[in-house]
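One-letter residues, chain by chain:
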Amino acid sequence: VQLQASGGGLVQTGGSLRLSCAASGRTFGSYAMGWFRQAPGKEREYVAGISWSGGTLYYADLVKGRFTISRDNAKNTVYLRMNSLKAEDTAVYYCTAGALYYSFLFTRAENYDYWGQGTQVTVSS
């Protein structure tokens, strides 16, 4: 599976962005998908995850209520809608795919099998 993230950019505090991650391969629908982010000088951190069916969603507390993850298996694409953006959301955002079937596995980067190249999100105050 190859992943291509897009949709990043520069936005003001309080603004919104929607990230997309397009996947190649006919097995996309069998993978859980996740979004992680990494700010300069910080470790990569979990943002959100979605099960293969889209029926289970799991968010990091820092983004809960502001971000929404979704997927369209017909289009091999996962999305991350980000609202009420804050300066501390500034980071490179990575999408990832893994054969994960329990949400408690979503939060750990080492559980995923495939990673996209990342897309930069910058929130200006």
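Use the structure listed above.
A quick note: this is a predicted structure, and the numbers were derived from the prediction, not measured. (Residues numbered from 1 in each chain as written. Predicted model: local features only at pLDDT ≥ 70, side-chain atom pairs only at ≥ 80, totals over all residues. Heavy atoms only, no water.)

Enquirer: Help me understand the pairing of strand E3 (residues 17–23) in this model?
Expert: The two faces of the sheet receive side chains in turn, since in a regular strand these alternate between them. When you tally the buried positions in E3, you get five out of seven residues, the bulk of the element. For strand E1 (residues 3–6) and E3, the ladder comprises four bridges, and the chain directions are antiparallel. The partner of Ala 5 across the bridge, within E3, is Cys 21. Where E3 lies against strand E8 (residues 77–82), six bridges are found, and the strand directions are antiparallel. Residue pairing across strands places Ala 22 opposite Thr 77, the latter belonging to E8. (Buried < 20%, exposed > 50% of the residue type's maximum accessible area, 1.4 Å probe, protein only. Helix = DSSP H or I, 4+ residues; strand = E, 2+ residues; numbered from the N terminus. Pairing = 2+ DSSP bridges.)

Enquirer: What am I meant to see in the environment of Ser 125 here?
Expert: Summarising the element assignment, Ser 125 is placed in the segment after strand E11 (119–124). The class for Ser 125 is exposed, based on a relative accessible area of 89%. With 85 residues separating them in the primary sequence, Ser 125 and Pro 40 have C-alpha atoms 17 Å apart.

Enquirer: I would appreciate a short explanation of the state of the cysteines in the present structure.
Expert: Each disulfide is one covalent bond, formed between the sulfur atoms of two cysteines. Taken as a whole and assessed by the stated rule, the structure comprises one disulfide. Note on cysteine connectivity: Cys 21 is disulfide-linked to Cys 95, with sulfurs 2.0 Å apart. Measuring the twist about the S-S bond at about 60 degrees, one finds the Cys 21-Cys 95 disulfide to be right-handed. A residue pair is termed long-range when its members are at least 10 positions apart, and Cys 21 in strand E3 and Cys 95 in strand E9 (residues 91–98) qualify at 74 residues. (Disulfide = S-S within 2.5 Å.)

Enquirer: Teacher, can you tell me more about the pattern of salt bridges here?
Expert: Between side chains of opposite charge, a pair can form when the charged atoms approach closely. Taken as a whole, this structure holds five salt bridges when the rule is applied. Its salt-bridge partner being Lys 64, residue Asp 61 comes within 3.1 Å of it at the nearest N-O pair. Asp 89 is the partner of Arg 66 in a salt bridge, and the nearest nitrogen-oxygen pair spans 2.8 Å. A residue pair is termed long-range when its members are at least 10 positions apart, and Arg 66 in the loop between strand E6 (57–59) and strand E7 (67–72) and Asp 89 in the loop between E8 and E9 qualify at 23 residues. For Arg 66, a relative accessible area of 11% corresponds to the buried category. According to the relative accessible area criterion, Asp 89 is buried, its value standing at 1%. (Salt bridge = Lys/Arg side-chain N within 4 Å of Asp/Glu carboxyl O.)

Enquirer: How should I be thinking about the nonpolar core in this particular structure?
Expert: Generally speaking, a soluble globular protein has its nonpolar side chains buried in company with each other. Core analysis: the biggest nonpolar cluster contains 36 residues, and Met 33, Trp 35, Leu 80, Met 82 and Tyr 93 have the highest contact counts within it. Of all elements in the fold, only E1, E3, strand E4 (32–38), strand E5 (45–50), E7, E8, E9 and E11 reach the threshold of two or more residues within this core. The contact partners of Met 33, leaving out residues within four places of it in the chain, are Leu 3, Cys 21, Phe 28, Ala 48, Gly 49, Ile 50, Ile 69, Arg 71, Val 78, Thr 96, Ala 97 and Tyr 112. (Core = buried A, V, L, I, M, F, W, Y, C linked by side-chain atoms within 4.5 Å. Contact = heavy atoms within 4.5 Å.)

What is shown is where atoms sit, not what they do.
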